Amino acid sequence: METAVLYELLRMLISVVLVVAFVFINALIMGYLERKISAHIQRRPGLMEVGPHGILQLVIDGLKLIGKQLIVPKDADRTLFRAAPLLSFAPVVLPLIVIPFSPKLQVRDFDVGLIFILAISSLNVLAILMAGWGSNNKYSLFGAMRSVAQNISYEIPMLLSLLAVILMTNTFSMQGIVQAQGKIWFFLVQPVAFLIYIVASFAETNRAPFDLPEAESELTAGYHTEYSGMGFSLFMLAEYANMFVVCSIATVLFLGGWHGIPLPFGAYSGAIWFFIKAYGLMVFMIWVRWTYPRTRFDQLMNFCWKYMIPFALVNLLVTAVLVKL
Amino acid sequence: MHRTESFAQSLRKLSLELQEVDFAQRGYHAEILLTADTLRDFARLMLEAEYFLVFMSAVHMSPAIELVYQFAQFNSQSRILGRLFLDADGVVPTISDIFQGSNWHEREVKDFFGIVFQDHPNLEPLILPEGSEDLKPLLKEEDKLKSCQEVSWQPAEAEGENEAAEPSGSEKS
Amino acid sequence: MPELTKISQPHRFFLNMGPQHPSTHGVLRVLLEMDGEYIIEPQPVLGYGHRMQEKLAECRTCTAFMPNTARMDYAAALPYNHGYAALIERMAGIEVPPRAEYIRVITSELNRIASHLLWFGALLLDLGAFTPILYSFDDREQILDILEDITGSRLTYCYFRVGGVSKDIDDKFVERTRAFIKRLRQRFDIFEKLVTGNVIFINRVKGVGIIDADMCRRYGATGPVARGSGIPYDVRKNQPYSVYSEFDFDIPVGENGDSLDRYMVRMREMEQSLRIIEQALDKLPEGPYRGKIPKKIKLPAGDCCFSVEAARGELTYYLVGDGSDVPYRLKIRVPSYSNLSVLPELCRGMLLSDLVAAMGSLDLVIPEIDR
């Protein structure tokens, strides 16, 4: 009995370290991808200096950010200002615990896995609000207010679209949802829900064309205007990890998770398929960001309340009726 | 436009007179001598006649500072230069409530020349920083100041030019 | 700021937009009284890039002031060169050879296109689209390369001289310009597909920042701003200078005077500029590129003005001479100054995001306003 507890503790420790490490690695990969893809979209080479094709640039950037001074504005609320980046970091690490990368590669499979993720990731709003309020900067506060309004609004269609899938699987367990897609992936069964989820996830992660909280041409940099060094990079890490989380959820719920044509990597092929799908979605998000202009705030809200929520509700109703039949 | 009879009539009511000048030499079609009393009525007339204010500025000369108002029209070739010589008391009414564009021009003239426009809504420094009210950078120093005659077209010359300008002027209108 | 020292209602607050702000394009500061995201009262604060060019003009000979003209509107410096050179020529009665006039027109129009391409990218950047600016800069770079070859500089040109231009154009220039015209015509399709048809873009600019014809008249707004409001006013047509009367070109106008109309006007203006350049290249006469001018240019006593159509509207130089070679007084009427003065009336009650879109569509160059 004692060894079992010890074993479990060790397992937890290792997985937490791995998850945190993954958040950093993910930021490196995404930072590189974003800069390289945006560069090619804009017909320029992008990163080329450090390492072959600038692969090591992000490492250097990370070191630089660590070395930077942490500046706290004079009239800022020091506690809130310092705590906000940490708080934004925590809720993006926790969801990774329940995400099933492959049939076996998963830290924990909760019965309420999906609810756990959604509950935790809403905490991110709090961090942004703290950062905006704590900075004592009007632009930051603008960004924070926009972010809160936007994230809370878009959580509704997001949840409704996910609920449609849950009605079909009858389980909140992430592993269970993936297993239910053995025959057909749900984005074929639930195309409306998939579309709504993708649009809402852009808003949830504050990515263009819904990047109003950090709209640099209006609000300089929104809620992280006053942050420097690691404070700023924690927000960036959180943003990229957040992207990974929403794309993972999309992969699990709509794209069949780790299902895929068997690859010659044995047990790893599931995980490889999962990462291909998740990163494919993230590349899609990058593509959209560097193509479209930004929407206006009232347009964004109108779109949510007047189009997305009614559609999501109708979709949910139709699903419920069809499942019952 | 400025050559029509009705326009000339309205000007006569204000006891103002338009003088045609040679466009090829001066770049404007007509000039008019304004006074502080007639300025606002003249501006209203110009607004009714669908002119817009190209610019207004000032030239420092002795004995008085000259204010220059240039008006032009969007739909015809007509450029009118209004001149206003400041009285000894230096009082000029604002036209910023008639031509809102002159608001900033008048503030700029206040910055550079220190001329105060009566009833202007906000004569704070626009281009110069606050607290530079005494700078008046475009006022000439004593030794560089020229008299009005020295910086005006010589009358004899201008008269000859005027007659020459007549045909070209009428063809344009 | 003076008009705004008191907040009229307790929940309102001030927002300082600028002097360092990504979408004020330079060092414009707009002091905003805000009610949430709504602007109650915007007040531009100028002068951060002020150099007192008008005083500088009084301190040197009239020909020595030529480089300064390019330092005002650095995005389209050649029309500024053009206006000043033509002003001195008008005052001193100097004849310009026809070839020089043609070269002036060609280079000015190239510069106008470069300026509009810069504006195109900057407006989209203001609206949050990062990519178009790099596409438009690709084309702008071509113009800068072409102009660099003959003028010697890439941005602040001092190419025109009193009586002509400083250097003749050669066959290489003509060839490259023709190639560029062909290239840009194809690029318009890309811009059209990438931007003009985009629903987010249309929603951001349509009906935003409406300036009507009456407002243009009261504020003296000219250039694409006035044309967007349906006023077909263009100094090149209304009061033809140089050799513009010899070319066949249209003045695009808008209907509603919103940001979208101003956008469309500028996009179509680039096509018209291409037409002018094409015709000018076809008709380009042989001959000297610089006329005979006296060693010392004496400005007669009297005042004189010259208006040209700069990239942003009507540019008028007003010069008072005193018989010497130094101007007694030079007033420079810059288009952006009047165009920006519309802002308080235009943006009252707007959302902050719309202010950015409206200001972007006015195409402001701040050093030009501050002079």
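Everything discussed here concerns the structure shown above.
Criteria and thresholds
Each chain has its residues counted from 1, running along the sequence as written. Whichever chain is written first becomes A and whichever ligand is written first becomes 1, with later ones labelled in order. The predicted nature of this model means local features are confined to residues of pLDDT at least 70 and side-chain atom pairs, given and counted, to a pLDDT of 80 or more, with totals for whole chains, interfaces and linings taken over all residues. No hydrogens and no water enter the side-chain calculation; it runs on all heavy atoms of the structure. Numbering goes from the N terminus for both helices and strands, where a helix is a DSSP run of H or I of at least four residues and a strand is a run of E of at least two. To get the radius of gyration, use the C-alpha atoms; to get the globule rule, take the number of residues to the power 0.38 and multiply by 2.2 Å. In this scheme, a residue with accessible area under 20% of its type's maximum is buried, one over 50% is exposed, and one in between is partly exposed, where area comes from a 1.4 Å probe on protein chains only. In what follows, a contact means two residues having at least one pair of non-hydrogen atoms within 4.5 Å. To be clear on the numbers: accessible area is Shrake-Rupley with a 1.4 Å probe, and residue cover counts the displayed protein chains and nothing else. A quick way to say it: buried area is the sum, across both parts, of accessible area lost when two parts are put together, with a 1.4 Å probe. The term salt bridge refers to a pairing of a side-chain nitrogen on Lys or Arg with a carboxyl oxygen on Asp or Glu at a separation within 4 Å. The definition of a polar contact used here is a pair of N or O atoms within 3.5 Å, where within protein one atom must be able to donate a hydrogen and the other to accept one, and adjacent residues in sequence count solely through side-chain atom pairs. Ten residue types, Ala, Val, Leu, Ile, Met, Phe, Trp, Tyr, Cys and Pro, are classed as nonpolar, four, Asp, Glu, Lys and Arg, as charged, and the remainder, Gly among them, as polar. Two strands pair if DSSP finds at least two bridges between them. Axis definition: a line fitted to C-alpha atoms, limited for helices to the stretch in contact. Angles are taken between N-to-C directions and run from 0 to 180 degrees. An angle below 35 degrees is treated as roughly parallel, one above 145 as roughly antiparallel, one from 65 to 115 as roughly perpendicular, and anything else as oblique. The crossing is said to be left-handed when, going from far helix to near helix, the turn is anticlockwise and less than a right angle, and right-handed when the turn is clockwise. Nonpolar core, defined: a set of buried Ala, Val, Leu, Ile, Met, Phe, Trp, Tyr and Cys residues in which side-chain atoms within 4.5 Å join the residues together.

Trainee: Now, about the overall build of chain C: what can you tell me, with residues and values included?
Mentor: Broken down by element type, chain C carries 15 helices and eight strands. A compact globule built from 371 residues would reach a C-alpha radius of gyration of about 21 Å, and chain C, at 21 Å, matches this within 12%. With the C-alpha coordinates of chain C rotated into their principal frame, the extents come out at 70 × 50 × 35 Å. Within chain C, buried positions represent 67% of all 371 residues. Residue pairs in contact within chain C that sit at least 24 positions apart in sequence constitute 72% of those at least 6 positions apart. As displayed, chain C offers around 11,500 Å² of accessible surface, 51% of which is attributable to carbon and sulfur atoms.

Trainee: An account of the interface of chain A and chain C is requested, with residue identities and associated values reported.
Mentor: The interface is formed by 24 residues belonging to chain A together with 34 residues belonging to chain C. Note on chain A versus chain C: buried area summed over both sides is about 2,600 Å², and carbon and sulfur give 58% of it. Among the residues of chain A in contact with chain C, F142, P293 and R296 of chain A are the three that bury the most area, contributing 23% of the side total. Counting every contact that joins chain A to chain C gives three salt bridges. Between D354 of chain C and R296 of chain A there is a salt bridge whose closest N-O contact spans 2.9 Å. Viewed at the interface, chain C and chain A are joined by 10 residue pairs in polar contact (both at pLDDT 80 or more). Among the elements of the structure, α6 (138-169), α10 (216-219) and α13 (297-324) of chain A are those that each provide at least two residues to the side of chain A that touches chain C. In terms of residue class, the side of chain A that touches chain C is built from eight nonpolar, six polar and 10 charged.

Trainee: Requested: an account of the sheet that holds strand β4 (residues 65-73) of chain B, with residues and values cited.
Mentor: Residues and elements named next belong to chain B. The five strands lie next to each other as β1-β2-β5-β4-β3, forming an open sheet whose pairing is mixed. The two strands at the open ends of the sheet, each matched to only one other strand, are β1 (18-20) and β3 (51-60). Mean inter-strand twist for the sheet, computed between neighbouring axes without regard to direction, equals 25°. Two strands pair when backbone bridges link them, and β1 and strand β2 (residues 30-34) are joined in this way by three bridges, in the antiparallel orientation. In the strand pairing of β2, Q19 is matched with E31. Where helix α4 (residues 102-113) meets the sheet, its contacts fall on β3 and β4, and the angle it forms with β3 comes to roughly 5°.

Trainee: Outline the arrangement of the chains, listing residues and values.
Mentor: Counting contacts across all two pairs of chains found in contact, the highest total belongs to chains B and C. Considering only C-alpha positions, the minimal separation of the non-contacting chain A and chain B is 24 Å.

Trainee: Please set out the packing of helix α6 (residues 171-196) of chain C against helix α11 (residues 259-283) of chain C residue by residue, giving values where relevant.
Mentor: All names here are of chain C. Between α6 and α11, whose axes approach to 11 Å, the crossing angle comes to 160°. On the basis of their axis angle, the class for α6 and α11 is roughly antiparallel. Where α6 crosses over α11, the handedness of that crossing is left-handed. Residues V174, T177, R178, I181, L184, R185, F188, F191, V195 and T196 of α6 form the contact with α11, whose own contacting residues are Y263, M264, M267, M270, E271, L274, R275, I277, E278, L281 and D282. Classifying every residue of the contact of α6 with α11 by side-chain character gives 13 nonpolar, two polar and six charged.

Trainee: An account of the interface of chain B and chain C is needed here, citing residue identities and associated values.
Mentor: Tallying the contact residues gives 58 residues for chain B and 50 residues for chain C. Here chain B and chain C share an interface that buries about 4,500 Å² over both sides, 57% of which is from carbon and sulfur atoms. Broken down residue by residue, the surface that chain B buries against chain C is led by F74, W104 and I127 of chain B, which jointly contribute 18%. On inspection of chain B and its partner chain C, the count reaches six salt bridges. With its nearest N and O atoms 2.9 Å apart, the salt bridge here joins R79 of chain B to E314 of chain C. The interface formed by chain B and chain C holds 27 residue pairs in polar contact (both at pLDDT 80 or more) in total. Where the side of chain B that touches chain C is concerned, the elements lending two or more residues are α2 (23-26), β3, β4, β5 (79-85) and α4 of chain B. Among the elements that take part in the side of chain B that touches chain C, β3 of chain B stands out by supplying 10 residues, more than any other. Taken together, the residues of the side of chain B that touches chain C sort by class into 30 nonpolar, 16 polar and 12 charged.

Trainee: Can you explain the nonpolar core? Please cite residues and give values.
Mentor: Counting 176 residues, the largest nonpolar core has L67, Y69 and I115 of chain B as its most contacted members. A total of 12 residues in this core trace back to one element, the largest contributor, which is helix α4 (residues 98-126) of chain C. Among the nonpolar cores identified, the runner-up in size contains 73 residues, and F22, Y154, L234 and V245 of chain A belong to it.

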